[in-house]
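So the chains spell out like this:
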Amino acid sequence: MSVTRYDFSRAVSAFYEMPTELTRDLLPRDLQPLEAHHGSSIFAVTAFDFTESAVGPYQEIVLAIIVPPLIESGGDFPKSAFYPFLLGTSTPEARAHAIERWHLPHFMADIAVDFAESDGTVNVSVREGDKPILDYSVTEHQWEEVDHLYQCHMKDDAGQYKVDIHMRGQFCEHEEERGTLDIHDHPMCEKLDASEIAAFPFRELWMKQGHQLFEELETLS
Amino acid sequence: MKPSTQPTKKPDFADPPGPKASGKSKPKLSAADAADHYQDFDYSNFFSGAGEDPFCMLEPMDEWWSYAHPAGYYQFELPLQTAPGPVVNLHETLHNKDLRGLVNFASYNYLGLSYREEVIEAAVEATRKYGLGASGSPILSGTLDLHEQLATELARFKQKDCALLFPTGYSANVGTISGLMRPGDTVICDQFSHASIVDGIILSKAKCRFFRHNNVEDLEKKLTKAKGKKLVIVEGVYSMDGDLPPLPEIVEVCRRHGARTMIDEAHSTFVFGKNGRGVAEHFGLEDEIDIHFGTFSKSLGGIGGFVVGSFKLINYLKGFARSRVFSCALPPGVTGGLIKALEIAQAEPELRKKLWDNVDYAHKLLHQAGVDVGNSQSQVIPIMVRDDWRIFYMGTEMLNEGVYLNPIAYPAVGKHRSRFRMSVSAAHTAEQLERGTDAILRVLRRNGLCQ
């Protein structure tokens, strides 16, 4: 089985509650959102600083909705499952690669992701040139070495897909509600109603010095 | 999975069984590796799975459980062998052993009334007279004169027109909320709301919005966006944190936005307020709140729930609170016992004073040792551990040290917000409080969680 490896120096993720009825507009009809509470589903923002990949170093922002994992009898159980509804990358090569290989929907202009780290907080700032897209912050907790399995669901005009992703590296996670989120008026966020998304993450996840291993893409339909 | 900073004390692992039968065979992990691996999961991972089979999550959860349970995860449903008094005996199921003489900080029998002799006598007398059950729905044949007596005395105590009785606290919240709210309406409640509040909202099909815990600014933001009929629900004492809502500010913002208010006083009735009527009385806001909810299972030591309010409100709920209409009425024995417990709770304010003396003493003992108890202002005291697996090993240590506390971990509380929930009762003696907190402190010290 061939795997695709992406090394990263940072992967910073935050989970925010948003009304379930709004997530349905972002999901294909046959995927359901996973609810954190009744009526509240999960909007996940993840920023990567990739240091090595098939298309060289690049940065990426992933906007996703958390969905229930697809379970196979006897298979490994994923920590969570994502449906990325929009990604942004810092290079055209990274976009072309992810669209062709993983069928992931992209914002088609270059973006930049800045990671500013101090006093146990990482501030992530996403921009397109001088236009702000979103800013968020995540705070640290107890660090540990992990190997986590995630599931990523994709859909485009040609079909529906799933890929298992192993995330390995230094990891911390907590629900202390110390992080932030500012969504700016930008085309990449046009499908998001900022006033309906929690301004703080209920869960914060932060990885350092790790790598992603994508298993082979599975076509579901 | 190896902690890189604060090391977790490794427990003595039982040798776990291999994974249960599944589609693919997996290598058997060592005990420590199995525990490490399965610490990445908890109940929440098995809530929902995509696929065609409603049983799709059974096997993954069973496999996880076959490692997690022997490794110490899950310490609930330990059968008590005595009344839930200040000292209890119980059966510890993980190691299959009986434990005796534990100081009990796990029960919410706040006034010690569940086993008071007069209460038991009243329950026995009512059972002899009326039999085991009410044998009917309250709207049909199930209402006894005892039920009417309890409702009347409760309404008098709460200084409201009427009271409506439900078979459980859960059904009281579910029935009240779903009986009142409709699709298109909005219910706004604190993010730490009890499951019965959330389930009531689900059943009502009203729109549900959560505001950040005790954050009036966030509540106002949610109220500003809400359209149509609005109901705001808060709790008197939050059951996992022991803190109180900023009720004056909440009432004020609700009034400005035309929202009705409901307070769940499950943990605060007979604890707060000059007369024990709860946190609404404590803040002097009883008349400003539209719906007052309470339970019979906490301070009064029985089971059941109630709502008090205006005659019109109760009359409406009698018709639309389906969890009451379609349940059997409270058992006669429980109802008879509750009438006596209500009488004692009102006639003996010294019980509440004793409870508060004990609460203050327990807080002082924990505070002196530098224990993190969050923002607790009540008899519900969270002892913060903030480690979602270590808390279960510590739970076993607590039992072995002679104190019974319930570990509370994700998803009941946020990730890494795990804690022991300590409930103080008026029935505890100073010696029991000292013995119990000494045991707690020994465990916390061994785990580096207090001075």
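The structure presented is a predicted model; accordingly, all values stated were derived computationally and were not measured. (Residues numbered from 1 in each chain as written. Chains lettered and ligands numbered in written order. Predicted model: local features only at pLDDT ≥ 70, side-chain atom pairs only at ≥ 80, totals over all residues. Heavy atoms only, no water.)

S.K.: Help me understand the overall build of chain A, please; the structure alone is not making it clear to me.
M.R.: A tally of regular secondary structure across chain A gives two helices and 13 strands. Compactness check: chain A gives a C-alpha radius of gyration of 16 Å against a globular reference of 17 Å for 221 residues, within 12% of the reference. Considering only C-alpha atoms, chain A reaches an extent of 40 × 40 × 35 Å along its principal axes. Within chain A, the proportion of its 221 residues that are buried is 63%. The long-range fraction of contacts in chain A, counting pairs at least 24 apart against all pairs at least 6 apart in sequence, stands at 66%. Carbon and sulfur atoms form 47% of the exposed surface of chain A, whose accessible area is close to 8,600 Å². Of the side chains in chain A, 16 bear a positive and 40 a negative charge, and the two mean positions are spaced by 2 Å. (Helix = DSSP H or I, 4+ residues; strand = E, 2+ residues; numbered from the N terminus. Rg over C-alpha atoms; globule rule 2.2 N^0.38 Å. Buried < 20%, exposed > 50% of the residue type's maximum accessible area, 1.4 Å probe, protein only. Contact = heavy atoms within 4.5 Å. Areas by Shrake-Rupley, 256 points an atom, 1.4 Å probe, with all protein chains shown as cover. Lys, Arg positive; Asp, Glu negative; His and termini not counted. Charge placed at Lys NZ, Arg CZ, Asp CG, Glu CD.)

S.K.: In this structure, what is going on with the overall build of chain B? I would like to understand it.
M.R.: What chain B contains, in helices and strands, is 15 helices and 14 strands. Against the globule reference of 22 Å for 451 residues, chain B gives a C-alpha radius of gyration of 23 Å, in line with a compact fold. With the C-alpha coordinates aligned to their principal axes, the bounding extent of chain B is approximately 65 × 55 × 45 Å. Taken across its 451 residues, chain B has 57% of its residues classed as buried. Excluding contacts between residues fewer than 6 apart, the proportion of contacts in chain B whose partners are at least 24 apart in sequence is 69%. Positive and negative side-chain charges in chain B, numbering 51 and 53 respectively, have mean positions lying 4 Å apart.

S.K.: Even after reading the chapter, I still don't get the environment of Gly133 of chain B, so can you show me in this structure?
M.R.: Among the structural elements, Gly133 of chain B can be located in the loop between helix 3 (117-130) and helix 4 (145-158). Sequence spacing of Gly133 of chain B and Pro70 of chain B is 63 residues, and the spatial spacing of their C-alpha atoms is 40 Å.

S.K.: Would you mind going over helix 6 (residues 195-204) of chain B with me for this structure?
M.R.: Owing to its 3.6 residues per turn, the α-helix brings residues three or four apart onto one side. Residue and element names in this part refer to chain B. Inspection of helix 6 places Ser196, Ile197, Val198, Gly200, Ile201 and Ser204 among the buried residues, and these make up the whole buried set. Contact partners of the buried residues in helix 6: helix 5 (169-180), strand 5 (186-190), strand 6 (207-211), strand 7 (230-235) and strand 8 (260-264). One or two residues past the end of helix 6 sits Lys205, with phi positive at roughly 65°.

S.K.: For this particular structure, what's the right way to read the interface of chain A and chain B?
M.R.: It is common to give the size of an interface as the accessible area lost on bringing the parts into contact. The partner chain B presents 42 residues to the 37 residues of chain A that form the contact. At the junction of chain A and chain B, the tally comes to eight salt bridges. Between Glu176 of chain A and Arg417 of chain B there is a salt bridge, and its shortest N-O distance comes to 3.8 Å. At the boundary of chain A with chain B, the tally comes to seven residue pairs in polar contact (both at pLDDT 80 or more). (Salt bridge = Lys/Arg side-chain N within 4 Å of Asp/Glu carboxyl O. Polar contact = N/O pair within 3.5 Å; in protein donor to acceptor, adjacent residues only side chain to side chain.)

S.K.: What's the story with the sheet that holds strand 8 (residues 131-139) of chain A in this structure? I'm lost.
M.R.: Strands pair in a sheet through their backbones, by hydrogen bonds, and they do so in one of two ways: parallel or antiparallel. All names here are of chain A. The strand order 6-7-8-11 describes an open sheet built from four strands, whose pairing is antiparallel. Each of the sheet's edge strands pairs with one partner strand only, and the pair in question is strand 6 (112-118) and strand 11 (180-183). Recorded for the sheet is a direction-independent mean angle of 15° between the axes of neighbouring strands. In this structure, strand 8 lies alongside strand 11, joined through four bridges in antiparallel fashion. (Pairing = 2+ DSSP bridges. Axes fitted to C-alpha atoms, helices over the stretch in contact; angles between N-to-C directions.)

S.K.: How do you make sense of unusual backbone geometry when you look at a structure like this?
M.R.: Note: most peptide bonds trans; most residues except glycine with negative phi. All names here are of chain B. Even without glycine at this site, Ser135 takes up a positive phi of about 60°. Looking at where Ser135 falls in the secondary structure, it is placed in the loop between helix 3 and helix 4. For Asn214, which is not a glycine, the phi torsion comes out positive at approximately 60°.

S.K.: Mind showing me how you'd approach the packing of helix 14 (residues 390-401) of chain B against helix 15 (residues 430-446) of chain B here?
M.R.: The packing of two helices is summarised by the inter-axis angle and the distance between the axes. All names here are of chain B. For the pair helix 14 and helix 15, interaxial distance at closest approach is 9 Å and the crossing angle is 140°. By the angle class used here, helix 14 and helix 15 are oblique. Remark: the crossing between helix 14 and helix 15 carries right-handed chirality. Within the contact between the two elements, helix 14 uses Met394, Glu397, Met398 and Glu401 and helix 15 uses Ala439, Ile440, Arg442, Val443, Leu444 and Arg446. A breakdown of the residues in the contact of helix 14 with helix 15 according to their chemical character gives six nonpolar, no polar and four charged. (Parallel < 35°, antiparallel > 145°, perpendicular 65-115°, else oblique. Left-handed = near helix turned anticlockwise from the far one by under 90°. Nonpolar A, V, L, I, M, F, W, Y, C, P; charged D, E, K, R; others polar.)

S.K.: Is there a simple way to explain the pairing of strand 8 of chain B in this structure?
M.R.: Successive side chains on a regular strand alternate, one facing one side of the sheet and the next facing the other. For strand 8 of chain B, the tally of buried residues reaches four of five residues, placing the bulk of the element in the interior. The β-α-β motif built from strand 7 of chain B, the intervening helix 8 (residues 247-256) of chain B and the parallel element strand 8 of chain B has right-handed crossover chirality. (Right-handed = clockwise from strand over helix to strand, strands pointing away.)

S.K.: When you look at the packing of helix 13 (residues 349-368) of chain B against helix 15 of chain B in this model, what are you seeing that I'm missing?
M.R.: All names here are of chain B. Here helix 13 crosses helix 15 at 30°, and the two axes come no closer than 10 Å. Judged on the interaxial angle alone, helix 15 and helix 13 are roughly parallel. Relative to helix 15, the crossing made by helix 13 is right-handed. Together, Asn358, Tyr361, Leu365 and Leu366 of helix 13 and Ala430, Leu433, Glu434, Thr437 and Leu441 of helix 15 make up the contact between the two elements. By residue class, the composition of the contact of helix 13 with helix 15 is six nonpolar, two polar and one charged.

S.K.: Sorry if this is basic, but what is going on with the side chain of Glu286 of chain B here?
M.R.: All names here are of chain B. Mapped onto the elements, Glu286 comes out in the loop between helix 9 (279-282) and strand 9 (291-295). Within the structure, the side chain of Glu286 is placed 2.6 Å from the side chain of Arg277, a separation counted as a polar contact. Apart from residues lying up to four places away in sequence, Glu286 is in contact with Lys158, Lys160, Arg277, Ala280, Glu281 and His292.

S.K.: Explanation requested: the packing of aromatic side chains in the structure shown.
M.R.: In this description, a pair of aromatic rings is defined by centroid distance and the angle of the planes. Enumeration according to the criterion identifies 19 aromatic pairs over all chains in this entry. Between Trp64 of chain B and Trp65 of chain B the ring centres are 6.2 Å apart and the planes differ by 55°, which places this aromatic pair in the tilted class. On the basis of relative accessibility, which here comes to 22%, the residue Trp65 of chain B falls in the partly exposed class. Connected via pairs of aromatic rings, a cluster forms that spans Tyr6, Phe8, Phe48, Phe50, Tyr58, Trp102 and Phe214 of chain A. One cation-aromatic arrangement involves Arg212 of chain B over Phe200 of chain A; the distance from NZ or CZ to the ring centre is 3.5 Å. (Phe/Tyr/Trp six-rings, centres within 6.5 Å; stacked < 30°, edge-to-face > 60°. Lys NZ or Arg CZ within 6 Å of the ring centre and 35° of its normal.)

S.K.: Would you take a moment to explain the confidence of the model for chain B for this structure?
M.R.: Low-pLDDT stretches of the model should not have their predicted coordinates read in fine detail. All names here are of chain B. For chain B, the mean per-residue pLDDT works out to 90, and 91% of the residues sit at or above 70. Confidence over residues 1-25 falls short of pLDDT 50; this stretch has 66 contacts with residues more than four positions distant or in other chains. Per the prediction output, this complex has pTM 0.85; the corresponding ipTM is 0.72. (pLDDT = per-residue confidence, 0-100.)

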